[in-house]
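# Descriptive analysis of the structure
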Amino acid sequence: MDNKNKEMKEKATLIVHSGDMDKIYSALIIGNGALSMGMEATLFFTFWGLERLKKSGLNKGGLSKMNMMGLGKAMIQSKMTKQHVATLERMMSDFRQLGGRVLACEMTMSIMGVTKKDLRTELIDDYVGVGFYISEARESKITLFI
Amino acid sequence: MDNKNKEMKEKATLIVHSGDMDKIYSALIIGNGALSMGMEATLFFTFWGLERLKKSGLNKGGLSKMNMMGLGKAMIQSKMTKQHVATLERMMSDFRQLGGRVLACEMTMSIMGVTKKDLRTELIDDYVGVGFYISEARESKITLFI
Amino acid sequence: MDNKNKEMKEKATLIVHSGDMDKIYSALIIGNGALSMGMEATLFFTFWGLERLKKSGLNKGGLSKMNMMGLGKAMIQSKMTKQHVATLERMMSDFRQLGGRVLACEMTMSIMGVTKKDLRTELIDDYVGVGFYISEARESKITLFI
């Protein structure tokens with residue numbers, strides 16, 4: 001752990017509570033934006049967000065607002081492809097390659113009965129509790145609940 | 001008011017706009033986590049969140065995402081009980097005993113036609129406006145909108 | 001651009017991801033509160049939030065929680081009128097007159113196929129990407145995702 005360097009970087013710490021596709025996009029767009037601006041970024045997946053870290057689950061979320069202006073999930077994904085917006089898988093891969101941290105909430109795992117073998121452990125840096133989140137968030141420049 | 005001591009503690013200030021059960025859990029878990037890490041924590045209940053401070057209302061919220069993976073509200077509560085996760089009532093009681101502050105949004109009360117006799121006033125430290133929220137949030141290390 | 005003065009003011013930077021009427025209210029109430037307390041305030045409209053900046057769209061959002069306690073959108077608006085709560089249009093007008101900044105997310109425009117002629121450009125100060133958001137948020141005292 002490169003602690004000395006980490007202490008010096010400004011931090012963005014996001015709770016990903018929602019599992020909605022559009023909110024996972026927002027979390028990863030903000031996370032990748034923070035990393036590319038030289039910040040440290042941590043995504044803390046809880047509740048419905050954690051469902052997205054299940055095997056094959058990243059793209060399984062619905063939209064937080066259905067049928068609005070006629071834009072369903074399929075249509076939005078088609079528009080994204082045409083506009084060369086990266087897929088969630090690609091954004092997650094970029095996030096991790098740029099040094100972003102993905103944390104899974106241990107309490108959610110207990111409540112939901114989720115075990116490590118249900119999860120894509122290759123995407124997850126650590127399994128932590130709320131105390132870890134607080135200690136990161138209190139020294140972060142950007143804190144969001146998504 | 002123990003202002004000198006308060007000034008020295010780092011603060012977490014959360015707006016609780018949603019009344020969904022899972023989001024009330026998140027707010028109290030984060031609030032209690034912050035308190036147990038030596039921070040000051042304030043929950044500012046607005047809109048649907050304020051409905052949860054009505055008499056017998058704390059546990060009345062639905063889930064922000066229904067029927068996902070077959071996990072309805074009853075099933076989640078059953079899982080929580082099995083995992084010895086504290087109830088919302090217990091978490092709220094802990095929050096207040098640990099020194100957390102619960103604030104009710106006066107504007108929401110006006111809009112929704114809610115009066116103090118509709119609310120569990122024994123849980124509420126003060127009835128305030130947005131100005132109070134801003135003055136707390138601007139000096140907080142953690143600010144979230146839930 | 002009055003940069004010297006801007007650097008000295010404390011900042012509140014809010015992402016408006018939701019297009020729900022009650023959340024747009026919250027964003028503008030917090031934004032106007034921050035401005036009236038002497039802070040700089042920026043609202044960054046993305047995803048469903050951006051839909052509200054379309055022509056005649058500000059008041060078109062539904063509620064994030066329908067039919068709760070029998071309070072539908074029409075009833076809430078009626079209560080607001082009786083309580084002399086300002087309309088969204090008035091709050092947005094106040095926000096801009098007090099010096100608040102409204103930013104539109106360029107990536108959302110691409111994804112949703114929204115062009116400037118679909119938007120109320122007279123309300124929008126600039127069209128920016130996530131990098132601009134990060135650079136504002138990292139130096140803000142209050143960061144929220146709504």
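Bear in mind the structure is a predicted one, so any value in this text is a computation, not a measurement.

## Overview of the pattern of salt bridges
Counted under the stated rule, the structure contains 30 salt bridges over all chains. For the salt bridge of Glu10 of chain B with Arg138 of chain A, the shortest nitrogen-to-oxygen distance reads 2.8 Å. Of this pair, Glu10 of chain B sits in the loop between helix 1 (3-8) and strand 1 (11-16) while Arg138 of chain A is found in the loop between helix 7 (130-137) and strand 5 (142-145), placing the two residues in two different chains. With a relative accessible area of 29%, Glu10 of chain B lands in the partly exposed category.

## Some words on the packing of aromatic side chains
Residue and element names in this part refer to chain A. Enumeration according to the criterion identifies three aromatic pairs over all chains in this entry. Relative to Tyr133, the ring of Phe44 has its centre 5.5 Å away and its plane inclined at 25 degrees; by these criteria the two rings are stacked. Residue Phe44 is found in strand 2 (residues 40-45), and its partner Tyr133 is found in helix 7; the two are separated by 89 residues along the sequence. The class of Phe44 is buried, set by a relative accessible area of 3%. Residue classification places Tyr133 among the buried positions, given a relative accessible area of 2%.

## Digging into the interface of chain A and chain B
Across the boundary between the two partners, chain A contributes 24 residues, which contact 28 residues of chain B. Around 2400 Å² of area is buried between chain A and chain B when both sides are counted, 69% of it from carbon and sulfur atoms. When the buried surface of chain A facing chain B is broken down by residue, Trp48, Arg138 and Phe145 of chain A rank first, second and third, together holding 31% of it. Counting every contact that joins chain A to chain B gives one salt bridge. Contributing elements (two or more residues each) for the side of chain A that touches chain B: helix 3 (47-51), helix 6 (106-112), helix 7 and strand 5 of chain A.

## Notes on the relation of the copies chain A and chain B
Rotating chain A by 120 degrees and translating it 0.0 Å along the rotation axis places it on chain B, where the RMSD comes to 0.0 Å. Viewed as a symmetry operation, the transformation between the two copies matches a three-fold axis. Using C-alpha coordinates, one finds that chain A approaches the rotation axis most closely at Leu144 of chain A, a distance of 3.3 Å. Interface residue correspondence from chain A to chain B reaches only 17%, placing this contact among heterologous pairings that use different surfaces.

## Here's the deal with the interface of chain C and chain A
Contacts between the two partners involve 24 residues from chain C, matched on the other side by 28 residues from chain A. When the two sides are added together, the surface that chain C and chain A hide from each other amounts to roughly 2400 Å², 69% of it contributed by carbon and sulfur. Ranking the residues of chain C by area buried against chain A places Trp48, Arg138 and Phe145 of chain C at the top, with a combined share of 31%. At the surface where chain C touches chain A, the tally comes to one salt bridge. In this assembly, chain C and chain A are joined by six residue pairs in polar contact (both at pLDDT 80 or more). Among the elements of the structure, helix 3 (47-51), helix 6 (106-112), helix 7 (130-137) and strand 5 (142-145) of chain C are those that each provide at least two residues to the side of chain C that touches chain A.

## Remarks on the packing of helix 2 (residues 21-36) of chain C against helix 5 (residues 88-97) of chain C
Residues and elements named next belong to chain C. Running from N to C, helix 2 and helix 5 cross one another at 30 degrees; their axes reach a closest spacing of 10 Å. Judged on the interaxial angle alone, helix 5 and helix 2 are roughly parallel. For the element pair helix 2 and helix 5, the recorded crossing hand is left-handed. Between helix 2, through Met21, Ile24, Tyr25, Leu28, Ile29, Gly31, Asn32 and Leu35, and helix 5, the contact on the second element is made entirely by Leu88, Met91, Met92, Asp94 and Phe95. Partitioned by chemical class, the residues of the contact of helix 2 with helix 5 number ten nonpolar, two polar and one charged.

## A look at the relation of the copies chain C and chain A
After a rotation of 120 degrees and a shift along the axis of 0.0 Å, chain C superposes on chain A with an RMSD of 0.0 Å. Looking at chain C, a mere 17% of its interface residues are interface residues in chain A too, so the copies touch through different faces.

## Side note on helix 2 (residues 21-36) of chain B
Residues and elements named next belong to chain B. Helix length check: helix 2, at 16 residues, gives a terminal C-alpha distance of 22 Å against a target of 22 Å (1.5 Å per residue), a fit within 8%. The buried fraction of helix 2 is high, at 15 of 16 residues. Where helix 2 ends, the next residue or the one after it, Gly38, has phi of about 85 degrees, a positive value.

## Concerning the pairing of strand 5 of chain C
Residue and element names in this part refer to chain C. Judged by which residues are buried, strand 5 turns out to be covered on both faces: Ile142 and Leu144 on one side and Thr143 and Phe145 on the other are all buried. Examined bridge by bridge, strand 1 (residues 11-16) and strand 5 share four bridges and lie parallel to one another. Residue Ala12 lies in a different strand from strand 5, and its bridge partner there is Ile142.

## Section: the sheet that holds strand 1 of chain C
Paired through their backbone hydrogen bonds, the strands of a sheet run either parallel or antiparallel. Residue and element names in this part refer to chain C. An order of 4-3-2-1-5 is seen for the five strands of this open sheet, with the pairing classed as parallel. The open sheet has two edge strands with one neighbour each: strand 4 (126-128) and strand 5. Strand-to-strand twist of the sheet, defined as the mean angle between neighbouring strand axes without regard to direction, takes the value 20 degrees. Of the pairings in the sheet, the one linking strand 2 (residues 40-45) to strand 3 (residues 101-105) comprises four bridges and is parallel in character. Considered in strand 3, the bridge of Phe44 is made with Leu103. Docked against the sheet, helix 2 engages strand 1, strand 2 and strand 5, running at close to 160 degrees with respect to strand 2.

Rules of the game
- Residues numbered from 1 in each chain as written.
- Chains lettered and ligands numbered in written order.
- Predicted model: local features only at pLDDT ≥ 70, side-chain atom pairs only at ≥ 80, totals over all residues.
- Heavy atoms only, no water.
- Salt bridge = Lys/Arg side-chain N within 4 Å of Asp/Glu carboxyl O.
- Helix = DSSP H or I, 4+ residues; strand = E, 2+ residues; numbered from the N terminus.
- Buried < 20%, exposed > 50% of the residue type's maximum accessible area, 1.4 Å probe, protein only.
- Phe/Tyr/Trp six-rings, centres within 6.5 Å; stacked < 30°, edge-to-face > 60°.
- Contact = heavy atoms within 4.5 Å.
- Buried area = accessible area lost by both parts, 1.4 Å probe.
- Least-squares fit on C-alpha atoms with pLDDT ≥ 70 in both.
- Polar contact = N/O pair within 3.5 Å; in protein donor to acceptor, adjacent residues only side chain to side chain.
- Axes fitted to C-alpha atoms, helices over the stretch in contact; angles between N-to-C directions.
- Parallel < 35°, antiparallel > 145°, perpendicular 65-115°, else oblique.
- Left-handed = near helix turned anticlockwise from the far one by under 90°.
- Nonpolar A, V, L, I, M, F, W, Y, C, P; charged D, E, K, R; others polar.
- Expected span 1.5 Å × (residues − 1).
- Pairing = 2+ DSSP bridges.

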